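Coordinate inspection notes
Here's the letter readout for the chains.
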Amino acid sequence: MIGIFDSGFGGLTIYKSIEKALPQYDYVYLGDNARAPYGNRSQEVIYEYAQQAVDFLFNQGCDLVILACNTTSAEALQKLQKEYLPKKYPNKNVLGVIRPLVEEAAIATKKKIVAVMGTRSTVESKSYIRELQKQDSKIKVVQQACPLLVPLIEENWEKRPETKMILKKYIRPLKNYQPDTVILGCTHYGWLQKDIQNYFGKRIKVLDSGKIVSDKLVIYLQKHPQFAQNAMVMPPKRIFFTTESNTRFEASAQKYIGRKIQAKTIELI
Ligand code: DGL
């Protein structure tokens, strides 16, 4: 069974791509909606929440957990992999979304200028800068924190003129650096992919995060089959947990994955 964790709904976009690419596995999704958004929280708090989520998902029977949240991947993944798993779960693993996106961006950029849009925590963590420069030290990374976008998307305001105006304000300084590749370093921004692509222009490549993460997971599981076994019972399990109201989660989840699901409310401690 594979666990997928996000601070809330955004990770469902990643879940949707993974489920499509690898339908044969059982999945458990956990959204910490009660404590979302994580994007403006401190590293210590994000790490603590991520640790609780990982404990919960491993206790559900997962051998592998995907942190389908850029903020958590930026602030908690390394510490989980280096310090927590070896001690507590030596046979399990946790993966994030930053590495797959960075690998793809390093291939895509010809001018070696990559723009990254993300939450405040992700941008301040400088994780994208570090990881991109590990791929190629010549890559110049320009970042923009876009803290207003997550709440606007959660309110279904993607198409409103106010959102378009804010988006343009965020993109303008990035465009001045003339990047040729853009990473949407936040699960929610995929909802604005078309507008973002339009504002940057056709010649700039805006990467599709869900597709990239799921393609890389397919390759990872070919190399590490011990982390996921085909479902024993058909249809495979699709279990959804939230720390907020399950009915609210169910209603919003439909927007993200395009079908009705049932969710259970849990408390993370
Ligand atoms: N899932 C978060 C991310 O990808 C966005 C929402 C939040 O701030 O919690 O960074």
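Structure first, text after, so check above.
Fair warning: this is a prediction, and the values are worked out from it, not measured in the lab.

1. Points about helix 9 (residues 161-176)
For helix 9, spanning 16 residues, the distance from its first C-alpha to its last is 23 Å, which sits close to the expected 22 Å at 1.5 Å a residue. Y170 marks where helix 9 bends most, by close to 25°; the proline P173 follows one to four residues later. Among all positions of helix 9, only T163, I166, L167, Y170, I171 and L174 are buried. On its buried side, helix 9 packs onto strand 5 (113-118), strand 6 (140-145), helix 8 (149-154) and helix 10 (193-200).

2. Some points on the sheet that holds strand 1 (residues 2-6)
Strand pairing in a sheet is mediated by backbone hydrogen bonds. Such pairs are either parallel or antiparallel. Taken together, six strands build an open sheet; the order of strands is 4-3-1-2-9-10 and the sheet is parallel. Sheet topology places strand 4 (93-95) and strand 10 (263-265) at the edges, where each strand pairs with a single neighbour. The average angle at which neighbouring strand axes cross in this sheet is 20°, direction not considered. Pairing geometry for strand 3 (residues 64-67) and strand 4, over three bridges, is parallel. Paired with I66 across the two strands is L95, which belongs to strand 4. Across the face of the sheet, helix 4 (residues 77-88) comes into contact with strand 3 and strand 4 while running at roughly 170° to strand 4.

3. Some details on the site of the ligand
Near the ligand you find 13 residues, and of these D6, S7, Y38, G39 and T71 are the closest. Here N70 contributes a backbone N or O atom positioned 3.0 Å from an oxygen atom of the ligand. When the free accessible area of the ligand is taken as 300 Å², the share hidden by the protein chains comes to 98%.

4. Examining the sheet that holds strand 6
Ordered by their spatial adjacency, four strands build an open sheet running 6-5-7-8, and the pairing between neighbours is parallel. The sheet is open, and its two edges are formed by strand 6 and strand 8 (205-206), each paired on a single side. By the bridge criterion, six bridges tie strand 5 to strand 6 in an arrangement that is parallel. Along strand 6, the bridge assignment pairs G118 with A145.

5. Side note on the pattern of salt bridges
According to the stated counting rule, one finds 13 salt bridges in the structure shown. When the shortest N-O distance is used, the salt bridge between E19 and R259 registers 2.8 Å. One end of the pair, E19, is in helix 1 (residues 11-21); the other, R259, is in the loop between helix 12 (246-257) and strand 10, and 240 residues separate them in sequence. Its relative accessible area of 13% is what places E19 among the buried residues. Of the residues examined, R259 reaches a relative accessible area of 31% and is grouped as partly exposed. Across the salt bridge formed by K88 and D55, the nearest N and O atoms sit 3.6 Å from each other. Taken together, the residues K88 in helix 4 and D55 in helix 2 (residues 43-59) connect sequence positions 33 residues apart. When salt bridges that share partners are traced, they join E19, R238 and R259 into one network.

6. Remarks on the environment of P86
By secondary structure assignment, the location of P86 is in helix 4. Look at P86 and you get partly exposed, because its relative accessible area is 47%. Residues P86 and E158, 72 residues apart in the sequence, show an inter-C-alpha distance of 42 Å. Every residue in contact with P86, bar those within four places of it in the chain, is listed here: L80 and Q81.

7. Things to note about the side chain of R35
Counting through the fold element by element, R35 comes out in the loop between strand 2 (27-31) and helix 2. Look at R35 and you get buried, because its relative accessible area is 17%. Looking at R35, its side chain comes within polar contact range of the side chain of D32, at 2.8 Å. Apart from the residues lying within four places of it in its own chain, the contact partners of R35 are R41, Y49, Q52, T243 and L268.

Definitions and cut-offs
- Residues numbered from 1 in each chain as written.
- Predicted model: local features only at pLDDT ≥ 70, side-chain atom pairs only at ≥ 80, totals over all residues.
- Heavy atoms only, no water.
- Helix = DSSP H or I, 4+ residues; strand = E, 2+ residues; numbered from the N terminus.
- Expected span 1.5 Å × (residues − 1).
- Bend = angle between axes of the 7 residues up to and from the residue.
- Buried < 20%, exposed > 50% of the residue type's maximum accessible area, 1.4 Å probe, protein only.
- Contact = heavy atoms within 4.5 Å.
- Pairing = 2+ DSSP bridges.
- Axes fitted to C-alpha atoms, helices over the stretch in contact; angles between N-to-C directions.
- Near = heavy atom within 4 Å.
- Polar contact = N/O pair within 3.5 Å; in protein donor to acceptor, adjacent residues only side chain to side chain.
- Areas by Shrake-Rupley, 256 points an atom, 1.4 Å probe, with all protein chains shown as cover.
- Salt bridge = Lys/Arg side-chain N within 4 Å of Asp/Glu carboxyl O.

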